[in-house]
Amino acid sequence: MNPQLLFWVPAGLRLSLLLAGAGVVWYFFGIVAGLAAGLIGMGVALFIQLHYLYRLADWLDHPASARLPDGWGAWTDIFSRLYKLRREDEKNQAELAEWLARFRQAMSMLPDGVVIMDDVLFLEWCNAAAEKHLGLRLERDKGMRVTNLIRSPEFMDYIILGRYEQPLTLSLRERKLIVQIIPFENRRQILVTHDATESVRIEEMRRDFIANASHELRTPLTVINGFLEIAQSQPNLDLQTRMGHLKLMIEQGQRMQNLVEDMLTLTRLESVEYPLRPERVNIRALLEQILREATALSNGRHKISLSVDGPDIRGSTDELRSAFGNLASNAVRYTPEQGSIDLAWRMAESGPQFVVKDTGIGIRPEHISRLTERFYRVDKSRSRETQGTGLGLAIVKHVLLRHDATLSIDSEPGKGSTFTVNFPKKAVVSAGEAA
Ligand code: ADP
């Protein structure tokens, strides 16, 4: 039934009843008594209405605290409808609060920063990533102007120019941030921040690598081209000169080949498509091979020794051959004639170690932390003379990283160097373990 009818029918009935009552009194006791009864009835009805109006007003003042009155007559219906509305409102509010809590939790887990500001850049809210990126603290900074909190001239220019369709790369607190302002809802703006430190670093590394690799390849190519041009323009050069040119060209060709091979090795080591396939590494056999190669490279110019006193480990034999080979060949290449080189495999307290000790030219302390960077050389000409590519220790670093191993370098200029590879204990293969 129409709810309006539910309201009007009982109200109308009650009014008719009141009039009928007054009529009956009139009939039996005369007009004055009838009017008096009617007035008293109206007064009582008015009092009841006023009472419930008062209670309604009271409830409206404190809707949450006071329970809705039960009501009488039409008020019962009004109160029950108000009660329903209030229940719905409470449900909506609970849903909204839950949704807001979920939204805040999701926002706090975002790796990107989100700052909500009003139209004049006063901070209203920000998530944890934004606090970290921009050095904000919501509790402390709420209501403050964002331009007073992010003190950067580039950011100020960005705000002044107002070209928000383009993101801005910002250097802040030793990080590279990509920030962008997105206006929304007319009077609000969102500032989004993305930490690009790592990707910028990788991009710079990639650019440096390409520049260095091109430079390294260009030098031998220039030499080879030069000799080829001489051969073309002077076909009658004597045999001895021609043989000399050919020898130099072969050397440069070899250098290019070494470089390309080392670059490919590095790329492979960095690639996720080449996960480490650990196997049992026969350390003695591996180190004996390294010793033979170092002896061949030295060609009798050094005294080279090997001692193996430690367990086998799990790892990639090929990769370890490449890393150990690089360390041993460096020792030969950077140790003058008559010097000595000791290769040793031993079990230390922290785990197995491979030690390469030479009595070579040594390295000044300021270079040590940079030696594993690609193409970093202390002495470029010495490295090239000995067919170095500048990538050997970068390869060592990558191989060790894949084996959870570390490299420590001790060196004294003019006295010699010791390169120690430290493997974790967990790399050791127990006596009965199969390959
Ligand atoms: P390279 O091909 O130039 O030898 P590496 O990456 O193997 O490149 O080594 C980087 C640099 O570290 C070398 O150029 C050299 O200056 C220095 N270095 C490496 N091993 C030794 C060593 N045993 N003694 C002295 N210097 C070394």
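Residues numbered from 1 in each chain as written. Predicted model: local features only at pLDDT ≥ 70, side-chain atom pairs only at ≥ 80, totals over all residues. Heavy atoms only, no water.

(A) A look at the packing of helix 11 (residues 317-333) against helix 14 (residues 392-402). Close contact between helix 11 and helix 14 brings their axes to 9 Å; oriented N to C, the two are set at 140 degrees. In this structure, helix 11 crosses over helix 14, and the sense of that crossing is left-handed. Together, Glu319, Leu320, Ser322, Ala323, Asn326, Leu327 and Asn330 of helix 11 and Gly392, Leu393, Ile395, Val396, Val399 and Arg402 of helix 14 make up the contact between the two elements. (Axes fitted to C-alpha atoms, helices over the stretch in contact; angles between N-to-C directions. Helix = DSSP H or I, 4+ residues; strand = E, 2+ residues; numbered from the N terminus. Left-handed = near helix turned anticlockwise from the far one by under 90°. Contact = heavy atoms within 4.5 Å.)

(B) Summary view of the sheet that holds strand 10 (residues 352-358). Within the open sheet, the five strands sit side by side as 7-9-10-12-11. Their pairing is mixed. Edge positions in the sheet fall to strand 7 (303-309) and strand 11 (406-412), since each has one partner strand and no second. Geometrically, the sheet is characterised by an average inter-axis angle of 10 degrees between neighbouring strands, direction not taken into account. The sheet contact formed by strand 7 and strand 9 (residues 340-347) spans seven bridges and is parallel. Note on strand 9: the bridge partner recorded for Ser305 is Asp342. Contacts from helix 10 (residues 283-298) reach strand 7, strand 9 and strand 10 within the one sheet, and its direction differs from that of strand 7 by about 175 degrees. (Pairing = 2+ DSSP bridges.)

(C) Structural view of the site of the ligand. Neighbouring the ligand are 22 residues, the closest being Tyr334, Ser383, Thr389, Gly390 and Leu393. One of the backbone N or O atoms of Thr389 is found 2.8 Å from an oxygen atom in the ligand. A total of 520 Å² of accessible area belongs to the ligand in isolation, and the protein chains cover 98% of it. Where the shell around the ligand is concerned, the elements lending two or more residues are helix 11, helix 14 and strand 12 (416-422). No other element matches helix 11, which puts three residues into the shell around the ligand. (Near = heavy atom within 4 Å. Polar contact = N/O pair within 3.5 Å; in protein donor to acceptor, adjacent residues only side chain to side chain. Areas by Shrake-Rupley, 256 points an atom, 1.4 Å probe, with all protein chains shown as cover.)

(D) View of the nonpolar core. Formed by 44 residues in total, the largest nonpolar core has its most connected members in Phe324, Trp345, Phe354 and Phe423. Counting residues per element, this core draws most heavily on helix 11, which supplies seven residues. Setting aside residues up to four positions removed in sequence, Phe354 forms contacts with Leu287, Phe324, Leu327, Leu343, Ala344, Trp345, Phe419, Thr420 and Val421. In terms of nonpolar packing, the next biggest core, distinct from the first, is built from 27 residues, Val115, Ala130, Tyr158 and Leu172 among them. (Core = buried A, V, L, I, M, F, W, Y, C linked by side-chain atoms within 4.5 Å. Buried < 20%, exposed > 50% of the residue type's maximum accessible area, 1.4 Å probe, protein only.)

(E) How the structure looks around the pairing of strand 11. The pairing of strand 11 with strand 12 spans seven bridges and is antiparallel. Along strand 12, the bridge assignment pairs Thr406 with Asn422. Where strand 11 folds back onto strand 12 in an antiparallel hairpin, the turn is made up of three residues, including Gly414, whose phi is positive at roughly 85 degrees.

(F) Main features of the packing of helix 9 (residues 239-270) against helix 14. Running from N to C, helix 9 and helix 14 cross one another at 20 degrees; their axes reach a closest spacing of 10 Å. Compared by their axis directions, helix 9 and helix 14 come out roughly parallel. In this structure, helix 9 crosses over helix 14, and the sense of that crossing is left-handed. Contacts between helix 9 and helix 14 involve Asp262, Thr265, Leu266, Leu269 and Glu270 from the first element and Gly392, Ala394, Ile395, His398, Val399 and Arg402 from the second. (Parallel < 35°, antiparallel > 145°, perpendicular 65-115°, else oblique.)

Just distances and angles here, no functional claims.
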